[in-house]
Amino acid sequence: MVFNTGAALLDAIVLAVVSKERQGTYGYKITQDVRQVIDVSESTLYPVLRRLQKDECLDVYDMAFAGRNRRYYKLTEKGTVQLQLYEAEWKSYSSKITQLFEGRSES
Amino acid sequence: MNRTEFMEQLESLLSDIPEYERLDALAYYNDYFDDAGAENEEEIIRKLGSPQKVASIIKTNLEKGQEHGEFTEYGYRETDTEEPIQTPAARGREDGSERRQHSRTYRRNTESRGAWQRAEFDGRSDGDQSAGRESGSSTAQEQKWNADSFGGGETYPRRRRGAAGWTLLIILLVFASPLLLGAGGGIIGAFFGILGGLISLVFSILGAGIELFVGGIIGIGKGIFTCFGAPAVGIMTMGLGFLSTGLGMVCLVLFSWALRLIPGVVRWARNMVSRIFHRIQGGMQR
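Summarised in this report is the structure supplied together with it. (Residues numbered from 1 in each chain as written. Chains lettered and ligands numbered in written order. Predicted model: local features only at pLDDT ≥ 70, side-chain atom pairs only at ≥ 80, totals over all residues. Heavy atoms only, no water.)

1. Considerations on the overall build of chain B
Here's step 1: Of the regular secondary structure elements, chain B holds ten helices and two strands.
Here's step 2: Along its sequence from the N terminus, chain B presents helices and strands in the succession α-α-α-α-β-β-α-α-α-α-α-α.
Here's step 3: Here chain B holds 286 residues, and the buried ones make up 34% of them.
Here's step 4: Sequence separation of 24 or more characterises 65% of the internal contacts of chain B that already satisfy a separation of 6 or more. (Helix = DSSP H or I, 4+ residues; strand = E, 2+ residues; numbered from the N terminus. Buried < 20%, exposed > 50% of the residue type's maximum accessible area, 1.4 Å probe, protein only. Contact = heavy atoms within 4.5 Å.)

Structure below.
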């Protein structure tokens, strides 16, 4: 991958992945889903999740699964709003770049 | 290494962070191993890299708090990314081994940063078996830390130069002491002599002022008395008395001005001296 994924974009991707499940998902699954989209190492995701949790964009709760407690993350209201902001920003940002590239290839 | 060993090492590496953060992180990664399944244990360990890498990522993010980027020697850089920096400078170094060498030159400056960073460097070459992207990912982190240490390392050479500079100065002083003591003593003597002269001048103005003032008043008094007997002489005496009192007052005013000036003069002298010293220090640091 050529372009760096900034912290903000990574946050946005994680929020988007978690938002797919209304009941929330757990760390391992989040990591696998994010890695479908961008190439990050397994150890990167935990700090992002932790920070989003501290920023009150994500809530955590434990649910019993196969005889142990599994920690689930889900989006808060603030997280939903944040995700919408990120999506709007991304649209604007990526479309400008796309226009630039397409404009160049025309001339 | 198996999962238990990995988690034990991770736990001890995290012993210096707040308990809540440590427990949270350990729970996350225990969950992670559980969810991956026992059959994937080895692969997960390989992908995580090493307990050192995981621990340092956690700690870096704790320190960072709200910041999302940092300034490295490649300019402003977003953190938390795993891709290698594709700047013009780095682009030339496509080869991973070259990048490792580049990082190694920075390593000199990281030595004071603590064992866990060094251990990370070693751990990386151990756990690094997959192709490009994994080595790229850990290198990017490494480059960030090395960039950090490079920025921090910059202060070290300067401080060392300062210490060496002082040593040289001391040696110079020892060798030059005969000349310095002679000429220096003369200069210092002159300085204090002038200072003393000024101070005594100021105080003699005070003395003169008091004398003239008091003498003048006495003269006025005497003059008044003499007026009864010999008016002309009396008036003259009074006149002289007034003159004297006037001069006395002028001297007293001069003295109060001088008093106000002295702190300024002393401060100026102190400034000159410290400025000279700083110029010496600065010259050495350059």
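2. Re the side chain of threonine 76 of chain A
Residues and elements named next belong to chain A.
Here's step 1: Along the polypeptide, threonine 76 turns up in the loop between β3 (68–75) and α4 (77–106).
Here's step 2: Among the polar contacts made by the side chain of threonine 76, one reaches the main-chain carbonyl oxygen of glutamate 56 at a distance of 2.7 Å.
Here's step 3: Beyond its immediate stretch of four places on either side in the chain, threonine 76 contacts Glu56, Cys57, Leu58 and Asp59. (Polar contact = N/O pair within 3.5 Å; in protein donor to acceptor, adjacent residues only side chain to side chain.)

3. As for the sheet that holds strand β2 (residues 58–65) of chain A
Residues and elements named next belong to chain A.
Here's step 1: Pairing is antiparallel across the open sheet formed by three strands, whose spatial order is β1-β3-β2. The sheet is open, and its two edges are formed by β1 (25–26) and β2, each paired on a single side.
Here's step 2: Note: β1 against β3, two bridges, orientation antiparallel. By the bridge assignment for β3, tyrosine 26 is matched with tyrosine 72. (Pairing = 2+ DSSP bridges.)

4. Describing the pattern of salt bridges
Once their charged atoms are close, side chains differing in charge can pair, the charge on each being opposite to the other.
Here's step 1: If you walk through the whole model with that rule in mind, you get 17 salt bridges over all chains.
Here's step 2: Two residues, glutamate 21 of chain B and lysine 54 of chain A, come together in a salt bridge whose shortest N-O distance is 3.4 Å. Remark: lysine 54 of chain A occurs in helix α3 (residues 45–54) and glutamate 21 of chain B occurs in helix α2 (residues 19–36); the pair is interchain, linking two chains.
Here's step 3: A salt bridge links arginine 71 of chain A to aspartate 62 of chain A; the nearest nitrogen and oxygen atoms lie 3.4 Å apart.
Here's step 4: By relative accessible area, aspartate 62 of chain A is classed as partly exposed at 44%. (Salt bridge = Lys/Arg side-chain N within 4 Å of Asp/Glu carboxyl O.)

5. Some details on the packing of α3 of chain A against α2 of chain B
Here's step 1: Look at α3 of chain A against α2 of chain B: their axes get within 11 Å of each other, and the N-to-C directions meet at 130 degrees. Classified by the interaxial angle, the pair formed by α3 of chain A and α2 of chain B is oblique. Once α3 of chain A is placed against α2 of chain B, the crossing between them reads as right-handed. Contacts between α3 of chain A and α2 of chain B involve Leu45, Tyr46, Leu49, Arg50, Gln53 and Lys54 of chain A on the former and, on the latter, Tyr20, Glu21, Asp24, Ala25, Tyr28 and Tyr29 of chain B.
Here's step 2: Classifying every residue of the contact of α3 of chain A with α2 of chain B gives seven nonpolar, one polar and four charged. (Axes fitted to C-alpha atoms, helices over the stretch in contact; angles between N-to-C directions. Parallel < 35°, antiparallel > 145°, perpendicular 65-115°, else oblique. Left-handed = near helix turned anticlockwise from the far one by under 90°. Nonpolar A, V, L, I, M, F, W, Y, C, P; charged D, E, K, R; others polar.)

6. Here's the deal with the packing of aromatic side chains
All names here are of chain A.
Here's step 1: Tallying each qualifying case throughout the model produces twelve aromatic pairs over all chains.
Here's step 2: The interplanar angle of 15 degrees and the centroid separation of 5.5 Å between the aromatic rings of tyrosine 61 and tyrosine 72 together place this pair among those described as stacked. Of this pair, tyrosine 61 sits in strand β2 while tyrosine 72 sits in strand β3, and the two are eleven residues apart along the sequence.
Here's step 3: On the basis of relative accessible area, tyrosine 61 is assigned to the partly exposed category, the value being 26%.
Here's step 4: The class for tyrosine 72 is buried, based on a relative accessible area of 9%. (Phe/Tyr/Trp six-rings, centres within 6.5 Å; stacked < 30°, edge-to-face > 60°.)

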